[in-house]
Amino acid sequence: MSELATEYEGKVKFELIPAEETLAAGEDIAKFGFTDAKHGLVAFDSSGEAQVKIPGHSFGREEIVAAIEQVLGGL
């Protein structure tokens with residue numbers, strides 16, 4: 001993530017939520033549709049709307065970049 005944070009500095013804000021906080025936020029996690037995985041990646045647009053939701057660890061750099069580009073493309 002740090003490599004992408006450097007690449008997209010000034011365009012994207014990255015926020016990693018620690019596992020302890022994720023476990024305590026069951027309702028918030030469920031509203032993103034992460035029922036089985038209990039965690040995942042969410043990309044928000046500039047208005048705070050979730051545009052991309054990928055549950056669990058079903059993503060790598062390619063999927064993260066695609067999510068970023070989708071959100072940035074909407075500007």
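Relevant structure appears above.
Here the structure is a predicted model, which is why all the values come from computation and not from measurement.

### Examining the layout of surface pockets
What the largest pocket holds in volume is close to 1100 Å³. Around the largest pocket, the lining comprises 36 residues; the ones closest to its centre are Glu 15, Ile 17, Leu 41, Val 42 and Phe 44. Mapped by element, the contributors of at least two residues to the lining of the largest pocket are helix 2 (19–24), helix 3 (26–31), strand 1 (40–44) and helix 4 (61–73).

### Remarks on the environment of Lys 31
Examined against the element boundaries, Lys 31 turns out to sit in helix 3. Judged by its relative accessible area of 58%, Lys 31 is exposed. Distance from Lys 31 to Glu 7, taken between C-alpha atoms, is 30 Å for residues 24 residues apart in sequence.

### So, helix 4
Taking 1.5 Å as the rise per residue, helix 4 with 13 residues should run 18 Å; its terminal C-alpha atoms sit 18 Å apart, in good agreement. Among the structural elements, helix 1 (2–7), strand 1 and strand 2 (50–55) are those in contact with the buried residues of helix 4.

### Considering the nonpolar core
In globular proteins that are soluble, nonpolar side chains generally tend to be buried together. Leu 4, Tyr 8, Leu 41, Ala 43, Val 52, Ile 54, Ile 64, Ala 67, Ile 68 and Val 71 together form the largest nonpolar core, which totals 10 residues. Looking at this core, the elements with two or more residues in it are strand 1, strand 2 and helix 4. The leading source of residues in this core is helix 4, at four residues. Beyond its immediate chain neighbours, meaning those up to four positions away, Ile 54 contacts Phe 34, Gly 40, Leu 41, Phe 59 and Glu 63.

What counts, and at which threshold
- Residues numbered from 1 in each chain as written.
- Predicted model: local features only at pLDDT ≥ 70, side-chain atom pairs only at ≥ 80, totals over all residues.
- Heavy atoms only, no water.
- 1 Å grid on protein atoms, 1.4 Å probe; cavity = no way out; pocket = protein on both sides within 12 Å on 5 of 7 lines; lining within 4 Å.
- Points joined across faces, edges and corners; volume = space filled by probe spheres on them.
- Helix = DSSP H or I, 4+ residues; strand = E, 2+ residues; numbered from the N terminus.
- Buried < 20%, exposed > 50% of the residue type's maximum accessible area, 1.4 Å probe, protein only.
- Expected span 1.5 Å × (residues − 1).
- Contact = heavy atoms within 4.5 Å.
- Core = buried A, V, L, I, M, F, W, Y, C linked by side-chain atoms within 4.5 Å.

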